[in-house]
Amino acid sequence: MQYDLIIRHAQLHRHQNPVDIAIKDGRFARITASLPDNTADREIDAAGRLITPPFINAHVHLDAVLTVGQPRYNASGTLLEGIQIWSERKPTLTHEDVKRRALEEIRWEVAQGTLHIRSHVDICDPNLTALRALLEVREEVRDICDLQLVAFPQDGILSFPNGHELMRRAMEMGCGLVGGIPHYEWTRDMGVEDVHYAFALAKEFNRDIDCHCDETDDPHSRFTEVMATDTLQQGWQGRVTASHCTAMHSYDNAYAFKLIGLLARAQVNVIANPFDNAVLQGRFDTYPKRRGITRVKELLAAGVNVALGHDSIMDPWFPLGRGDMLAAAQLAIFLCHMSGYEEINDILDLITTRAARTLRITDHYGIEEDKPASFVLLDAPSAFEALRLLPARLHVFKDGREIAHTTPAHSFLHRQNEQEAQEVTYRP
Ligand SMILES: [Zn+2]
């Protein structure tokens, strides 16, 4: 058999020994210990390096990325000043402006191995400028990235003029998922109604749901339980995601225990966003300051599916970042106290296989025979080393075609008594 490509000696996550991977017509054709008798148009010797399915950014705001400093920097660094700055920037959004920034950011993510992105789009704009632009972007990037769009009511469905109508129009225009923001509505009752409306719209248009939910330090913000209950009552199990859920950090343990059980029963996915959670939560605290990320470890232990998002990249809420999901995963290790050896291995799943379950793409995702040949070859031998080093993504393939490559950086030390510079590898 003549293949298009063979990757030799590639290390799969949680496998004992390296494998040879043959690709034909854009799909994984053979994955086996060794393919000595086969040839291909191109061969890559992975030399024991880690190969993973594409990374997934399960939560980002592509309409806001790369706007940091416009019209001003966030002086306090808080969520509320971020929302204020965004409301000042929003009137100046144009079709071309949104497209240019989103396309640039997607290029960054793809170059780092992220080929599936779920982006929220702020629909609290009578002209829906950002949505129109991102619907075009979704089509234009199909050769390098699968983009899901969520109708996100940043200023509320009930608290913003014509919020219901704007959500509905977003669905009619082809937005893929229904969003919500119950904790930000003016009252508890309006927050409950926000969730109910998201479910009604999702049922009407047969769409999945991904709401920003309980993104606050307020332990009395309890809308995730409403999402879980609506999921059970509407029969939407597996199709619902609660994003952020940072208030869960501050619930008393008895209530958190009850809620986590309910989420598991309703098969609600949870998405944590380590960068934004780390900088935006705990801002009203003196000392001690809460970490403010949801209970990732406890959710996983209870059988709840958890994924990670980058959330912001150089926007009013988080000024730094370059869209690297491995960096987001590394931060989750610290914030969630998941530095046990197996826990570090588990974290990789939150930006790959678990995120694929959240995005409901598992039928065409993963390094398995007959599935599309999309993968990342990293300059590290294991998930543990990948999360330690954040190494170069040497080769990024989508459907059997190389769509990005990176040449790793090399460091050298110049000692006084040595003639030649010595390389520093950062490996013990
Ligand atoms: Zn968000």
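Chemist: Can you help me understand the overall build of the protein in this one?
Modeler: The number of helices and strands found in the protein is 13 helices and 18 strands. Against the globule reference of 22 Å for 428 residues, the protein gives a C-alpha radius of gyration of 22 Å, in line with a compact fold. Taking the principal axes of its C-alpha atoms as reference, the protein extends roughly 65 × 55 × 45 Å. Long-range pairs, those at least 24 residues apart, make up 73% of the contacts in the protein with a sequence separation of at least 6.

Chemist: Help me understand the sheet that holds strand E8 (residues 146-152), please; the structure alone is not making it clear to me.
Modeler: In sheet architecture, strand pairing relies on hydrogen bonds along the backbone and comes in two forms, parallel and antiparallel. If you trace the eight strands from one edge of the open sheet to the other, you get E6-E7-E8-E9-E10-E11-E12-E13, paired in parallel fashion. The open sheet is flanked by strand E6 (55-60) and strand E13 (306-308), the only strands paired with a single partner. The pairing of strand E10 (residues 208-213) with strand E11 (residues 240-244) spans five bridges and is classified as parallel. The partner of cysteine 211 across the bridge, within E11, is alanine 242.

Chemist: Got a minute to help me understand the environment of aspartate 155 in this structure?
Modeler: Inspection of the secondary structure assignment puts aspartate 155 in the loop between E8 and helix H4 (163-172). A tally of 19 C-beta atoms within 10 Å means that aspartate 155 is categorised as partly exposed. Residues aspartate 155 and tyrosine 184, 29 residues apart in the sequence, show an inter-C-alpha distance of 7.3 Å. Apart from residues lying up to four places away in sequence, aspartate 155 is in contact with Cys124 and Phe160.

Chemist: It is not clear to me how the domain arrangement of the protein should be interpreted in this structure. Could you clarify?
Modeler: By convention, interface size is frequently given as the accessible area that disappears when the constituent parts associate. The assigned domain composition of the protein is domain 1 (2-53 + 367-411) and domain 2 (55-364). In this structure, domain 1 and domain 2 have C-alpha centres spaced 31 Å apart. Taken residue by residue, the interface counts 19 residues in domain 1 and 19 residues in domain 2. Counting only elements with at least two residues in the side of domain 1 that touches domain 2, the list comes to helix H13 (383-389), strand E15 (393-398) and strand E16 (401-405). Within the side of domain 1 that touches domain 2, the residues separate by chemical class into eleven nonpolar, four polar and four charged.

Chemist: What is the right way to look at unusual backbone geometry in this model?
Modeler: Across the chain, the bulk of peptide bonds are trans and the bulk of non-glycine residues have phi less than zero. Of note, the bond from glutamine 70 into proline 71 is cis; its omega dihedral lies within 30 degrees of zero at -5 degrees. Locating proline 71 in the fold gives a position in the loop between E6 and helix H1 (79-89). Put simply, tyrosine 287 and proline 288 share a cis peptide bond, and its omega is 0 degrees. Note that proline 288 resides in the loop between helix H8 (274-280) and helix H9 (296-301). Although it is not a glycine, asparagine 206 sits at a positive phi angle of roughly 55 degrees. Mapped onto the secondary structure, asparagine 206 falls in the loop between helix H5 (188-205) and E10. Its identity is not glycine, yet aspartate 370 carries a phi of approximately 80 degrees, on the positive side. Among the secondary structure elements, aspartate 370 is positioned in the loop between helix H12 (353-359) and strand E14 (375-378). Assessed through the 8 C-beta atoms surrounding it within 10 Å, aspartate 370 is described here as exposed.

Chemist: How do you make sense of the pairing of E10 when you look at a structure like this?
Modeler: Within a regular beta strand, the side chains point alternately toward one face of the sheet and then the other, so they alternate between its two faces. Buried residues dominate E10, accounting for six of its six residues. Along E10, one buried face is formed by Asp208, Asp210 and His212 and the opposite face, lined by Ile209, Cys211 and Cys213, is buried too. Bridge count between strand E9 (residues 177-178) and E10: two bridges; the pairing is parallel. Looking across to E10, one finds that leucine 177 is bridged to aspartate 208. The parallel pair E9 and E10, bridged by H5, forms a crossover whose chirality is right-handed.

Chemist: Got a minute to help me understand the environment of alanine 228 in this structure?
Modeler: By the secondary structure assignment, alanine 228 is in helix H6 (residues 224-234). Among the residues examined, alanine 228 registers 25 C-beta atoms within 10 Å and is labelled buried. Once residues lying within four places of it in the same chain are set aside, the contact partners of alanine 228 are Leu262, Leu263, Ala266 and Val268.

Chemist: What exactly am I supposed to notice about the pairing of E16 here?
Modeler: Bridge analysis of E15 against E16 gives four bridges, and the strand direction is antiparallel. Of the residues in E16, the one forming a bridge with valine 396 is alanine 404. Hairpin connection of E15 to E16: two residues between the antiparallel strands, including aspartate 399 at a positive phi of 50 degrees.

Criteria and cut-off values
- Residues numbered from 1 in each chain as written.
- Predicted model: local features only at pLDDT ≥ 70, side-chain atom pairs only at ≥ 80, totals over all residues.
- Helix = DSSP H or I, 4+ residues; strand = E, 2+ residues; numbered from the N terminus.
- Rg over C-alpha atoms; globule rule 2.2 N^0.38 Å.
- Contact = placed C-beta atoms within 7 Å.
- Pairing = 2+ DSSP bridges.
- Buried ≥ 20, exposed ≤ 12 C-beta atoms within 10 Å, placed from the backbone.
- Domains from an automatic or database assignment.
- Nonpolar A, V, L, I, M, F, W, Y, C, P; charged D, E, K, R; others polar.
- Right-handed = clockwise from strand over helix to strand, strands pointing away.

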